[in-house]
Amino acid sequence: MEILDVTASPGDPDLFHGASVPHPNGRVFGGQVLAQSLLAAGRTVADGRLPHSMHGYFLRAGAVDQGIDFSVERLRDGRSFTARRTHAVQGGSPILSMIASFQEAQDGFSYADPMPEAPDPESLVSAGQALREVNHPLAEFWASETPFDVRHVEQSIYLRPDLSGRGDQLVWMRARGPVPDDQLLHRALLAYGCDQVMLEPVLRRAGESWASRGLSIASLDHAMWWHRDVHVDEWLLYAQSSPSGQGGRGLGAARVYAQDGALVASIAQEGMVRVPGDH
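Structure report, in brief. (Residues numbered from 1 in each chain as written. Predicted model: local features only at pLDDT ≥ 70, side-chain atom pairs only at ≥ 80, totals over all residues. Heavy atoms only, no water.)

1. Observations regarding the sheet that holds strand 5 (residues 81-90)
Pairing is antiparallel in the open sheet, where twelve strands are placed in the order 1-2-4-5-6-3-9-12-11-10-8-7. With partners counted over all chains shown, the strands left at the sheet margins are strand 1 (7-9) and strand 7 (148-152), one partner each. Strand-to-strand twist of the sheet, defined as the mean angle between neighbouring strand axes without regard to direction, takes the value 25 degrees. The pairing of strand 7 with strand 8 (residues 169-175) spans five bridges and is antiparallel. By the bridge assignment, Phe 148 is partnered in strand 8 with Ala 175. Across the sheet, helix 1 (residues 30-42) is in contact with strand 2 (12-18), strand 3 (49-58), strand 4 (68-77), strand 5, strand 6 (93-104) and strand 9 (216-226); its angle to strand 6 comes to roughly 50 degrees. (Pairing = 2+ DSSP bridges. Helix = DSSP H or I, 4+ residues; strand = E, 2+ residues; numbered from the N terminus. Axes fitted to C-alpha atoms, helices over the stretch in contact; angles between N-to-C directions. Contact = heavy atoms within 4.5 Å.)

Here it is, written out as structure tokens:
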């Protein structure tokens, strides 16, 4: 997970630099640049204030063989809340623009929707098991080289579509190794990990799979709210849906639960999803 970190630029406390995680298609993974943008913003925030919401737009594809600069704009430092905007820039052009809000710990009312019933993650097939027989660089990458272990409760749609017409799915996810006890890092890594599955409900509801011939898919924007502390090196359940798909775009939504039932985050992402024959 160290490659996700960002380093401050000498002489400029609001400019950071990060490397990219290798990816077989040569493009920067969207979740990576989201996580790094949040880390950069968090490095400029007073201790004790953690991100509670983030809204970002993916503007251009990034190249994994080039570094990324993260320029942070200090929008507001209030008594309880702090706001920051981060532009992720590569080759002189922005590839992502994000705004995040941070809050100091405060008392208040507390409630949450309950976690849906789901089988124990250890009883389910992992992505690695589902894809290990597929001889393709992307399949090998998602099976063994990503930082997260992903396990679907329903049939996965890696290789074949779900023809039920439903977009709902439950997915367990956990980091493959321990993560330092840094809540900013855990929240940033949740942004990284969730980008692997956020558009799957769109594909599922449309009767498509990751293997659909001619599939063109890309994240457009991402919104995220952290409700409680999260630990990505423990199992997290994503309860997902897709309320709408239209015009070559689809909306994916998720509620994220800790294994003890606590609702830790809510997420929404819209993506471009096109297959041959779309009009």
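From this point on, the discussion continues.
2. A short note on the pairing of strand 12 (residues 263-274)
Buried residues dominate strand 12, accounting for ten of its twelve residues. Bridge count for strand 9 against strand 12 is ten bridges, and the pairing is antiparallel. Bridge pairing in strand 12 places Ile 217 opposite Val 273. Of the strand pairs in this sheet, strand 11 (residues 249-258) and strand 12 are connected by nine bridges, and their pairing is antiparallel. Its bridge partner lying in strand 12, Tyr 257 is registered against Leu 263. Linking strand 11 to strand 12, which pair antiparallel, is a turn of four residues; within it Gly 261 sits at a positive phi near 100 degrees. (Buried < 20%, exposed > 50% of the residue type's maximum accessible area, 1.4 Å probe, protein only.)

3. Thoughts on the pairing of strand 8
Strand 8 sits mainly inside the fold: six of its seven residues count as buried. Relative to strand 10 (residues 236-246), strand 8 runs antiparallel, the two sharing five bridges. Looking at strand 10, one finds that Leu 170 is bridged to Ala 239.

4. Observations regarding the pattern of salt bridges
Enumeration over the complete set of coordinates arrives at twelve salt bridges. Measuring nitrogen to oxygen at the nearest pair gives 3.6 Å for the salt bridge that ties Arg 49 to Glu 104. Placement of Arg 49 in strand 3 and of Glu 104 in strand 6 is noted, with a sequence separation of 55 residues between them. For Arg 49, a relative accessible area of 15% puts it in the buried group. Note on Glu 104: relative accessible area 29%, which makes it partly exposed. (Salt bridge = Lys/Arg side-chain N within 4 Å of Asp/Glu carboxyl O.)

5. Side note on the environment of Ser 241
Secondary-structure assignment places Ser 241 in strand 10. Owing to a relative accessible area of 26%, Ser 241 belongs among the partly exposed residues under this scheme. The spacing of Ser 241 and Ala 88 is 153 residues in sequence and 29 Å in space, taken between C-alpha atoms. Dropping the residues within four chain positions of it, Ser 241 is found in contact with Gly 167, Asp 168, Pro 201, Leu 251, Gly 252 and Ala 253.

6. Comments concerning the packing of aromatic side chains
A complete count under the given rule lists three aromatic pairs for this structure. Geometrically, the ring pair formed by Phe 109 and Tyr 111 is stacked, given 5.9 Å between the ring centres and 15 degrees between the ring planes. Taken individually, Phe 109 and Tyr 111 each receive the classification exposed, so the pair is uniform in this respect. (Phe/Tyr/Trp six-rings, centres within 6.5 Å; stacked < 30°, edge-to-face > 60°.)

7. Observations concerning the side chain of His 152
You can see His 152 is positioned in strand 7. A relative accessible area of 7% places His 152 in the buried class. A distance of 2.7 Å separates a polar atom in the side chain of His 152 from a polar atom in the side chain of Glu 200. (Polar contact = N/O pair within 3.5 Å; in protein donor to acceptor, adjacent residues only side chain to side chain.)

8. Section: the packing of helix 1 against helix 4 (residues 183-194)
For the pair helix 1 and helix 4, the least separation of the axes is 7 Å and the interaxial angle reads 155 degrees. Classed by the angle they form, the pair helix 1 and helix 4 counts as roughly antiparallel. For the crossing formed where helix 1 meets helix 4, the hand is right-handed. Contacts between helix 1 and helix 4 involve Gly 31, Gln 32, Leu 34, Ala 35, Leu 38, Leu 39 and Gly 42 from the first element and Leu 184, Leu 185, Arg 187, Ala 188, Ala 191 and Tyr 192 from the second. (Parallel < 35°, antiparallel > 145°, perpendicular 65-115°, else oblique. Left-handed = near helix turned anticlockwise from the far one by under 90°.)

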